[in-house]
Amino acid sequence: MASPTPFLSIFLFFLITVSADPDMLQDLCVADLSSGIKVNGFPCKDAANVTSLDFFSQALANPGLTNNTFGALVTGANVMNLPGLNTLGGLNPPHTHPRATEVVYVLQGTLDVGFLTTANKLISQSLKKGDVFAFPKGLVHFQKNNGDVPASVIAAFNSQLPGTQSLGATLFGSTPPVPDEILAQAFQTSSGTVKHIKTRFQPKK
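Read on for a plain summary of the structure. What you see is a predicted model; the values in this text were computed from it and never measured.

Here we look at the environment of T117
Stage number 1. The residue T117 is located in the loop between β5 (111–116) and β6 (122–127) in this model.
Stage number 2. A relative accessible area of 25% places T117 in the partly exposed class.
Stage number 3. For the pair T117 and P136, spaced 19 residues apart in sequence, the C-alpha to C-alpha distance is 9.0 Å.
Stage number 4. Residues in contact with T117, not counting those within four places in the same chain, are I123 and L139.

Structure, rendered in C-alpha cells:
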C-alpha cells in the first residue's frame, strides 16, 4: 500500500513594496467589491462604512484540504477576501504571477523550489524551516514538498492581486479549450495524448 503523500500548504500575503502597485493617495481605500465600476483595482468603499473586519481575515486559521491531484493547497489572503489590502498591495505545480515578485518563508517542513529564466535555465534550491527564497516577477516557478511530513510556507507578493497562471490548468483546462493539434505540436506529442492529459484537468463533478 502506497504511503500518503506529504502535503504542502501555502499562505499568501500581498504586500506593497517599492516599484510595485501605485502609491495610494489617502489613508485607506477599502475595496468596494460590490461596485459595478470597472477600474484597475477596486473603487474605494465610503470611509464612514469602513470597519475592522475590512482588515481582518480568518482564511489562514486552519489548514485546508490537500487531497487533490497535486497534494497541495494555496490559501490566498488577497484583496478579494481582505478588502483593506486595496491599494496596499494559499506540489504547487509550475505557475507564474504576471504582476508580482514572490518571496516565500518556510514555516515548517522542507521544500524543493525553483524557477526558470527566459534563457530556459533552472534556478533551484532545497529549503528548510526558516529559509527564504525569491521568485522573480513573471517567471515560471514551483514548490514541492519532498519530505515525509507536512510543509507550510508564507508567500509575500509586491502586488495586492498578483494573478496566478498554473501552466497545466491554463493549457489543458481552459474554456474554450486550446485546440488539440496546437498543444500536440507544441509538446511534440500526439493529439490522443493531449486528449488524455485534458481529462486530468477537467472540473470535478
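Some details on the pairing of strand β4 (residues 102–108)
Regular strands have side chains that alternate between both faces of the sheet.
Stage number 1. Bridge count between β4 and strand β7 (residues 132–135): four bridges; the pairing is antiparallel. Bridge pairing links E102 to F135 in β7.
Stage number 2. The sheet contact formed by β4 and strand β9 (residues 151–157) spans six bridges and is antiparallel. Each bridged residue has a counterpart across the sheet, and for Y105 the counterpart in β9 is I154.

Focus: the nonpolar core
Stage number 1. Membership of the largest hydrophobic core comes to 14 residues, with the highest contact counts inside it found for V104, L111, V113, L127, F133 and F135.
Stage number 2. For this core, the secondary-structure elements that each account for two or more residues are β4, β5, β7 and β9.
Stage number 3. Here this core takes four residues from β9, the largest share from any one element.

Regarding the state of the cysteines
Stage number 1. This structure, assessed with the given rule, holds one disulfide.
Stage number 2. The residue that forms a disulfide with C29 is C44, at a sulfur-sulfur distance of 1.9 Å. The sign of the -100 degrees torsion about the S-S bond sets the C29-C44 disulfide as left-handed. One end of the pair, C29, is in the loop between β1 (8–14) and β2 (72–77); the other, C44, is in the loop between β1 and β2, with 15 residues separating them in the sequence.
Stage number 3. On the basis of relative accessibility, which here comes to 4%, the residue C29 falls in the buried class.

Comments concerning the packing of aromatic side chains
When we look at a pair of aromatic rings, we describe it by the centre distance and by the angle of the planes.
Stage number 1. Applying the stated criterion across every chain yields a total of four aromatic pairs.
Stage number 2. With a centroid separation of 5.6 Å and 40 degrees between ring planes, the pair formed by F172 and F187 is classed as tilted. Residue F172 is located in helix α1 (residues 167–172), and its partner F187 is located in the loop between α2 (180–186) and α3 (191–199); the two are separated by 15 residues in the primary sequence.
Stage number 3. Judged by its relative accessible area of 10%, F172 is buried.
Stage number 4. With a centroid separation of 6.1 Å and an interplanar angle of 20 degrees, the aromatic rings of F172 and F201 are classed as stacked. One end of the pair, F172, is in helix α1; the other, F201, is in the segment after α3, with 29 residues separating them in the sequence.
Stage number 5. Each member of the aromatic cluster is reached from another via a ring pair, and the members are F115, F133 and F135.

Some remarks on the environment of G109
Stage number 1. By the secondary structure assignment, G109 is in the loop between β4 and β5.
Stage number 2. Given a relative accessible area of 17%, G109 falls into the buried group.
Stage number 3. Counting along the chain gives 43 residues from G109 to S152, while the straight-line C-alpha distance between them is 6.7 Å.

Regarding the side chain of K198
Stage number 1. Tracing the chain through its elements places K198 in helix α3.
Stage number 2. Residue class for K198 comes out buried when judged on its relative accessible area of 10%.
Stage number 3. What K198 contacts, discounting residues up to four positions off in sequence, is F172, P177, V178, P179, D180 and L183.

Cut-offs used in this document
Residues numbered from 1 in each chain as written. Predicted model: local features only at pLDDT ≥ 70, side-chain atom pairs only at ≥ 80, totals over all residues. Heavy atoms only, no water. Helix = DSSP H or I, 4+ residues; strand = E, 2+ residues; numbered from the N terminus. Buried < 20%, exposed > 50% of the residue type's maximum accessible area, 1.4 Å probe, protein only. Contact = heavy atoms within 4.5 Å. Pairing = 2+ DSSP bridges. Core = buried A, V, L, I, M, F, W, Y, C linked by side-chain atoms within 4.5 Å. Disulfide = S-S within 2.5 Å. Phe/Tyr/Trp six-rings, centres within 6.5 Å; stacked < 30°, edge-to-face > 60°.

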